[in-house]
Amino acid sequence: MSDSPSGTPRLTRRPEWTALEDHRKNAPQPGLRELFAADPGRAERYVVHVGDLRIDYSKHLVTDETLALLQELAAATDVFGLRDAMFRGEKINTTENRAVLHTALRAPRDAVIEVDGENVVPGVHAVLDKMAAFADRVRSGEWTGHTGRRIRNVVNIGIGGSDLGPAMAYEALRPFTDRELTFRFVSNVDGSDLHEAVRDLDPAETLFIVASKTFTTIETITNATSARSWLLNGLGGDEKAVAKHFVALSTNAEKVAGFGIDVDNMFEFWDWVGGRYSYDSAIGLSLMIAIGPDRFREMLDGFRIVDEHFRNAPAEANAPLVMGLLGIWYGNFHDAQSHAVLPYSHYLSKFTAYLQQLDMESNGKSVDRDGNPVDWQTGPVVWGTPGTNGQHAYYQLIHQGTKLIPADLIGFARPVAELSDELKAQHDLLMANLFAQGQALAFGKTAEEVRAEGVPEEQVPHRTFRGDHPTTTILATELTPSVLGQLVALYEHKVFVQGAVWNIDSFDQWGVELGKVLAKRVEPALTEGADVPGLDPSTAALVAAYRNLREV
Ligand code: F6P
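The sections below set out a description of the structure shown in this document. Everything numeric in this text was worked out from a predicted model, so none of it was measured. (Residues numbered from 1 in each chain as written. Predicted model: local features only at pLDDT ≥ 70, side-chain atom pairs only at ≥ 80, totals over all residues. Heavy atoms only, no water.)

**Points about the overall build of the protein chain**
Step number 1: Summing up its helical and strand segments, the protein chain has 23 helices and 13 strands in all.
Step number 2: Relative to a compact globule of 552 residues, whose C-alpha radius of gyration would be 24 Å, the protein chain shows 25 Å and is just as compact.
Step number 3: Each principal axis of the C-alpha distribution contributes one length, and for the protein chain these read about 75 × 65 × 65 Å.
Step number 4: Taken over 552 residues, the protein chain has a buried fraction of 51%.
Step number 5: Here the contacts in the protein chain between residues at least 6 apart in sequence split such that 72% fall between residues at least 24 apart. (Helix = DSSP H or I, 4+ residues; strand = E, 2+ residues; numbered from the N terminus. Rg over C-alpha atoms; globule rule 2.2 N^0.38 Å. Buried < 20%, exposed > 50% of the residue type's maximum accessible area, 1.4 Å probe, protein only. Contact = heavy atoms within 4.5 Å.)

In structure tokens:
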């Protein structure tokens, strides 16, 4: 594959890339035991601080030389140049010709960030203020439903970025939520999702938030239409009820009005906010109602701390840069296919699912910015669930399987304040597990150590742990709104760094289009038995089997 027309060398032909390949193949590859024995100081030296986060990357298969070579790759691929272009509002999402300005969503009121010559910051704050006024009215009971009853249930209907962010953050910040209100998140076009969400709710006390950037997403519009019927059936059919029970979060006022939602009840955002980067925009309205506007602003402050760090910290102490480069080291030079994110906090139970969209929709690409196929690996499979549950499920494979799976372990020094003393006391056990896993993954257990325990020889191989499984440990004092914002921004920018090095557009998502188009085309074959032209033989047989089974 030739270099790009602009003369930029292909990634794999850059001397900084081949230097890393040489380093991987030809330099000694000490394991973590040797690395720590030779340099115990790495435990303190390989730590970066950002805001309230302490990020320890000492348990990685890297030396000072590896890190220096990775930094040279970042410099050669001009990661910071693209970063600055993003913060300036340049249209770095080239395939959609859009600016990428989720950072403007948390910019201070007096910041000036221009898109097409217009400062977008006043608009951001106008929407935040409108959201705050609305959230306060719902929380205080001043906003009432059609029959005059106060709102007690909030149902967010959205999918992808219009669901995962608010649902994750609501879960993460539960201790900060108004416990008198019930929140539900409906995303799946499977009618059971909406059914289960509303079956025990009173329509007179229920507010639906229809969240969709485009307001054309079939799942969301279908669920919103069904929710509208449920509401009207429950309230006697008066169409006027919709205005008191439905609000919209969207960039598309025309479609919102077309659906029958008063545009006064629409909270706007903009095409320079990607769906997976949007929960700190109007898409976070359900969260703001749950935690209140002040806490929401604390969360935005947390995002901003990491934005400023990413923008200003020197390369070697720049947390998103270091984390992004470590991922590149494993994905591109160790053939690692996946990356596990393992939070030791039950409140972060949806965090990894949220990161899956953030990372995999952003960097799941196989052509570069010029449209040439890449001949290097791009985004990893991101997966994981909270510890300690995962330890009793799939950690076996991480410890003793054949795959290299770098992992992030995330934990907090304090449990949440509202736990009983007895439950608080469990926190040390939780964190002991986090530290123990990091240690076991890194240093394993040698055959000699196993033998020294008197284990019969035939069992020694089974009880030996190779070790050398790299982990990053992220610690903070507690999971506050600000810390959540810091964590999310950290991963946003990590994903950015990797996309920049790989020279891919991390901000489009054409790959989800084909399935959407085909689903629309196939549906009449299911509903009406229509002859769908171009249906391949395998799918046609499946559709026929489905229709037969349905009739049985
Ligand atoms: O899955 C594709 C996608 O376009 C995501 O990028 C987006 O977050 C999701 O659909 C929902 O889109 P919308 O907010 O426009 O309904």
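**A few points about the pattern of salt bridges**
Step number 1: In the structure shown here, the tally under the stated rule is 34 salt bridges.
Step number 2: Here R54 ties to E44 by a salt bridge, and the two come within 4.0 Å at their closest N and O atoms. In this pair, R54 sits in strand 2 (residues 53-56) while E44 sits in helix 3 (residues 42-45), placing the two residues 10 residues apart along the sequence.
Step number 3: Accessibility expressed as a relative area gives 27% for R54, which makes it partly exposed.
Step number 4: Judged by relative accessible area, E44 falls into the exposed class, the value being 62%.
Step number 5: In this structure, the salt-bridge partner of R106 is D307, at a minimum N-O distance of 2.7 Å. With R106 in the loop between helix 5 (79-88) and strand 3 (114-115) and D307 in helix 13 (residues 293-312), this residue pair connects regions lying 201 residues apart in the sequence. For the pair R106 and D307, one class covers both residues: buried.
Step number 6: A network of salt bridges, in which partner residues are shared, links R106, D280, D307 and E492. (Salt bridge = Lys/Arg side-chain N within 4 Å of Asp/Glu carboxyl O.)

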